[in-house]
Amino acid sequence: MATSSSQNSCTLKSVQRLAALMQDNESTESFWLALSDTLDKTFSHTSCTVLSYNCDSRLLLRLYSSRPDVHRPGGYKQVTSSHWSRTVLDEGRILIGSNREDIKAYFAEYEDLWANGWESILNIPVKRDGKTIGTINIMNASGAYDNADHATAILFAQLTVAAIERATEREGTSLTEFNQTEVGIV
């Protein structure tokens, strides 16, 4: 997908802003808000979540949600085997759900997602040293991410590595040990 010079300039400014927030040791919440805003400007979304992932325990921890009324930060979820988990978590590849049928195929809570107008999703794995440590997930109306630039999505994911590690540690956990007694709905 071709990008214009103004799009490249906007992306570069966004990357610089996110990098500065991490370099200046700003709060993780400030970083999440800036990330959500940047992803909205770049891809457009009506919901953004960031999850930390522990591959040993197969647990996800929601670190951030732009819609805490729907997706509460701090929730844990046990990962089950699915097309979504194999693609995004195990293989570390971007997964796009283009329409209602995809959303239904990928998520048990599809009716709740549909009720909020979320008929497409862009799931971006966040990787460190080749290992998936989290995901960024943005949702919108049907077809919103069919032409999403994967390289740009990966760029934003990689800028998120330190924030995921920092937020996970601040939750009183580490990337290797989640408190399994708190597992519930994400």
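What you see is a predicted model; the values in this text were computed from it and never measured.

Asker: Can you explain the overall build of the protein chain? Please cite residues and give values.
Answerer: Helix and strand counts for the protein chain stand at seven helices and six strands. Secondary structure elements in the protein chain, listed N-terminal to C-terminal, are α-α-β-β-β-α-β-α-α-β-β-α-α. In the protein chain, which comprises 186 residues, the proportion classed as buried is 47%. Considering only residue pairs separated by 6 or more positions, the protein chain has 59% of its internal contacts joining residues 24 or more positions apart.

Asker: Kindly report on the packing of aromatic side chains, identifying the contributing residues and their values.
Answerer: Evaluation of the coordinates by the stated rule reveals five aromatic pairs. Ring centres 6.5 Å apart and planes at 55° place the aromatic pair Trp84 and Phe107 in the tilted group. Of this pair, Trp84 sits in helix H3 (residues 83–90) while Phe107 is found in the loop between helix H4 (100–106) and helix H5 (110–115), placing the two residues 23 residues apart along the sequence. Aromatic ring contacts, followed pair by pair, group Phe31, Trp32 and Tyr64 into a single cluster. In this structure, Arg100 packs its charged tip against the face of Trp114, placed 3.8 Å from the ring centre.

Asker: Which residues make up the sheet that holds strand E6 (residues 131–140), and what are the values?
Answerer: Read across the open sheet, the six strands follow the order E3-E2-E1-E6-E5-E4; overall the sheet is antiparallel. Looking at which strands have only one partner, the edges of the open sheet turn out to be strand E3 (76–78) and strand E4 (95–97). Neighbour-to-neighbour, the strand axes of this sheet turn through a mean angle of 25°, independent of strand direction. In this sheet, E6 lies alongside strand E1 (residues 47–54) in antiparallel orientation, the contact comprising six bridges. Looking at E6, one finds that Ser47 is bridged to Met139. Strands E1, strand E2 (59–65), strand E5 (120–128) and E6 of the sheet are contacted by helix H7 (residues 161–170), whose axis makes an angle of about 80° with E5.

Asker: Kindly report on the packing of helix H2 (residues 28–43) against helix H6 (residues 150–159), identifying the contributing residues and their values.
Answerer: Taken N-terminus to C-terminus, the directions of H2 and H6 make an angle of 175°; their axes are 12 Å apart at the nearest point. In this view, H2 runs roughly antiparallel relative to H6, as classed from their interaxial angle. Facing H2, whose interface residues are Phe31, Leu35, Thr38, Leu39, Thr42 and Phe43, H6 presents Thr152, Ala153, Phe156 and Leu159. Of the residues belonging to the contact of H2 with H6, the class tally is seven nonpolar, three polar and no charged.

Basis of the calculations
Residues numbered from 1 in each chain as written. Predicted model: local features only at pLDDT ≥ 70, side-chain atom pairs only at ≥ 80, totals over all residues. Heavy atoms only, no water. Helix = DSSP H or I, 4+ residues; strand = E, 2+ residues; numbered from the N terminus. Buried < 20%, exposed > 50% of the residue type's maximum accessible area, 1.4 Å probe, protein only. Contact = heavy atoms within 4.5 Å. Phe/Tyr/Trp six-rings, centres within 6.5 Å; stacked < 30°, edge-to-face > 60°. Lys NZ or Arg CZ within 6 Å of the ring centre and 35° of its normal. Pairing = 2+ DSSP bridges. Axes fitted to C-alpha atoms, helices over the stretch in contact; angles between N-to-C directions. Parallel < 35°, antiparallel > 145°, perpendicular 65-115°, else oblique. Nonpolar A, V, L, I, M, F, W, Y, C, P; charged D, E, K, R; others polar.

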